[in-house]
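The chain contents come next:
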Amino acid sequence: MNICVIGSGYVGLTTAAVLAELGHEVNCIDKNKQKIDMLNNGKVPIYEPGLKELIDKNYNRLTFTDSLDDYIKRASVVFICVGTPSLQDGSTDLSYIEAVIDELANRIHSYKTIVTKSTVPPGTNEWIYNKLLEKGVSPELFNIVSNPEFLREGSAIHDMFHADKIVVGLRSGDHQSLTVLQKIYTGINAPYVITSLNGAEMIKYASNAFLATKISFINEISRICEAFQVDVNDVAKGIGLDPRIGPHFLQAGLGYGGSCFPKDVKSLERTALSKNIQPYLLQAVQTVNETQIDIYIEKLKTLFSDFTNLKIAVLGIAFKANTDDTRYSPAERFIRHLSQLDCEIHAYDPQAKLQNPPRNVMQKESITAAIRDADCVVIATDWNEFKQLDWLEVKQLMKGTIIFDARNCLERSKIEKHGLHYVGVGRG
Ligand code: UDX
Ligand code: UDX
């Protein structure tokens, strides 16, 4: 099929590359000309494992342009994958979606299935449908489908090929779009969840909100564990063996970040409030998450009386491992919070870059450079290369002996056998 993907970011590029791999002709459109130029020069503007290889492999089925005009006529399907960031009050900024609708409205001259993949609050797809009608597009010439993505950055391609579900939200009376979606996703073996437009939008938010709730739950449990010298990882393992709970998303640490959980939980809270529904749990999930970094800073303060002459190595800037994305990164927020204690911070990340670091924060090009003469090493993102460090070598490089594991990703015994001191929160 001939498909247009509007928005070539983390979601759009992965979607386009996978659809091309499935055999479709895919035209990627993005208003950011710099991104499009990079893609046309064989470069990928984001780090997502396997994405460059998949784009290169399907180069003859992928095109990149910054103009909707070039390909919209030939496309029978249009995926909307533009950003839907938070507004100041936490509700969702739909201005990019609106911009796309404006551009699409006077370019629909043959039938299109318009698929919203961007995460949008319940009611948005109905709103998109009505806006296109208001702009004079004939209802004979399009249908709107809500098809939210469940891609995790760092494993987005795997998550799309091995989706645990394909969620399809349809307008009542739309008896043709499901067949279109099934043709698009031929080759992906996953159960379909067929629901209304609002239903599909709600599944996306409820999914992210539940995962965020699991994380805030285990983070709150880790605070109680700290008071009873209990290792929260033992608790996570213990409860995770119950199939009703499951072992995933129970890793306590600096809290959740990224371009999704923070904005989606806040958006769902605002959606509830807009209907005069009190989202107590969603608010508590955010409160735990927003105070989690303070817990780690306070713990660090118990280890050193004076920070002014300290040198602290912080390993990790990205919001999680295997990505260069620093949007709402807990590691970055931790670095900025720590920098207010006037210590010298040497930060390192394999992929992510600190934007406008405070004056006492330097990003180093290697782990060795970051760790050298450090009084303390903090693990702020759970990259594998930090988990596999040679701790004897680390000890020889450091001035101090404290390893502060803010992601609960290290094995205490491997560190302590070299005379280093392992410190975490809720680690017994
Ligand atoms: C983001 C959110 O993370 C995700 O939850 C939501 O479902 C979609 O928006 P992501 O791909 O991470 O997804 O966003 P981003 O990396 O910012 O990419 C959005 C792209 O859309 C950008 O490249 C931007 O230039 C482009 N865009 C935006 C357009 O092409 N046209 C527009 O009018 C607005
Ligand atoms: C998430 C959802 O998993 C995905 O389904 C949705 O499509 C987009 O949002 P993503 O934001 O890429 O994906 O990252 P994810 O792996 O979910 O982690 C989110 C945050 O939670 C990260 O900051 C991560 O470090 C943190 N996290 C995750 C924990 O602190 N503990 C955990 O056990 C798991």
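Notes on the structure in this doc start here.

Rules used throughout
What you see as residue numbers is a count from 1 along each chain, following the sequence as written. Key to labels: chains lettered from A, ligands numbered from 1, both in the order written. Since the coordinates come from a predicted model, pLDDT governs what is reported: local features require at least 70, and pairs of side-chain atoms require 80 or more to be given and counted, while whole-chain, interface and lining totals use all residues. Only hydrogens and water are removed before side-chain values are computed, so all heavy atoms of the structure are retained for them. One heavy atom within 4 Å of a molecule or strand makes the whole residue count as near it. Under this definition, polar contacts are N or O atom pairs within 3.5 Å; protein pairs additionally need one hydrogen-donor-capable and one acceptor-capable atom, and for neighbouring residues in sequence, both atoms have to be side-chain atoms. Values of accessible area rely on a 1.4 Å probe in the Shrake-Rupley scheme; residue burial ignores everything except the protein chains shown. Each helix corresponds to a stretch of at least 4 residues labelled H or I by DSSP, and each strand to a stretch of at least 2 residues labelled E; elements are numbered beginning at the N terminus. Under the scheme applied here, ten amino acids are nonpolar (Ala, Val, Leu, Ile, Met, Phe, Trp, Tyr, Cys and Pro), four are charged (Asp, Glu, Lys and Arg), and all others, including Gly, are polar. Residue ranges labeled as domains rest on an automatic or database domain assignment. Strand pairing follows a simple DSSP-based rule, namely that at least 2 bridges must link the two strands. Convention adopted: a line fitted to C-alpha atoms gives each axis, helices being fitted over their contacting stretch, and angles between N-to-C directions are expressed from 0 to 180 degrees. In what follows, residue pairs with any heavy atoms lying within 4.5 Å of each other are defined as contacts.

### Overview of the site of ligand 1
Piece 1. Around ligand 1 there are 20 residues in total, and Asp30, Lys35, Thr119, Ser259 and Arg327 lie nearest to it.
Piece 2. One of the backbone nitrogen or oxygen atoms of Tyr10 is found 3.0 Å away from an oxygen atom of ligand 1.
Piece 3. Between Lys263 and ligand 1, the recorded distance is 3.0 Å, taken from a side-chain N or O atom to an oxygen atom.
Piece 4. For ligand 1, whose accessible area on its own is 680 Å², the fraction buried by protein is 90%.
Piece 5. At the level of secondary structure, the elements contributing two or more residues to the shell around ligand 1 comprise helix H1 (10–21) and helix H5 (95–105).
Piece 6. Broken down by class, the residue content of the shell around ligand 1 amounts to six nonpolar, eight polar and six charged.
Piece 7. Residues lining the shell around ligand 1 come from more than one domain, with at least three contributed by each of domain 1 (2–190) and domain 2 (195–428).

### Notes on the sheet that holds strand S14 (residues 421–423)
Piece 1. Pairing within the open sheet is parallel, and its six strands lie in the order S11-S10-S9-S12-S13-S14. Pairing within the sheet leaves two strands with one partner each, and these edge strands are strand S11 (361–363) and S14. On average, each strand axis in the sheet is tilted by 20° relative to the strand beside it, whichever way the strands run.
Piece 2. Note: strand S10 (residues 344–348) against S11, three bridges, orientation parallel. From the neighbouring strand, Ala347 faces S11, where its bridge partner is Gln363.
Piece 3. Against the sheet, helix H12 (residues 280–301) engages strand S9 (311–315), strand S12 (376–379), strand S13 (402–405) and S14, with an angle of about 165° to S13.

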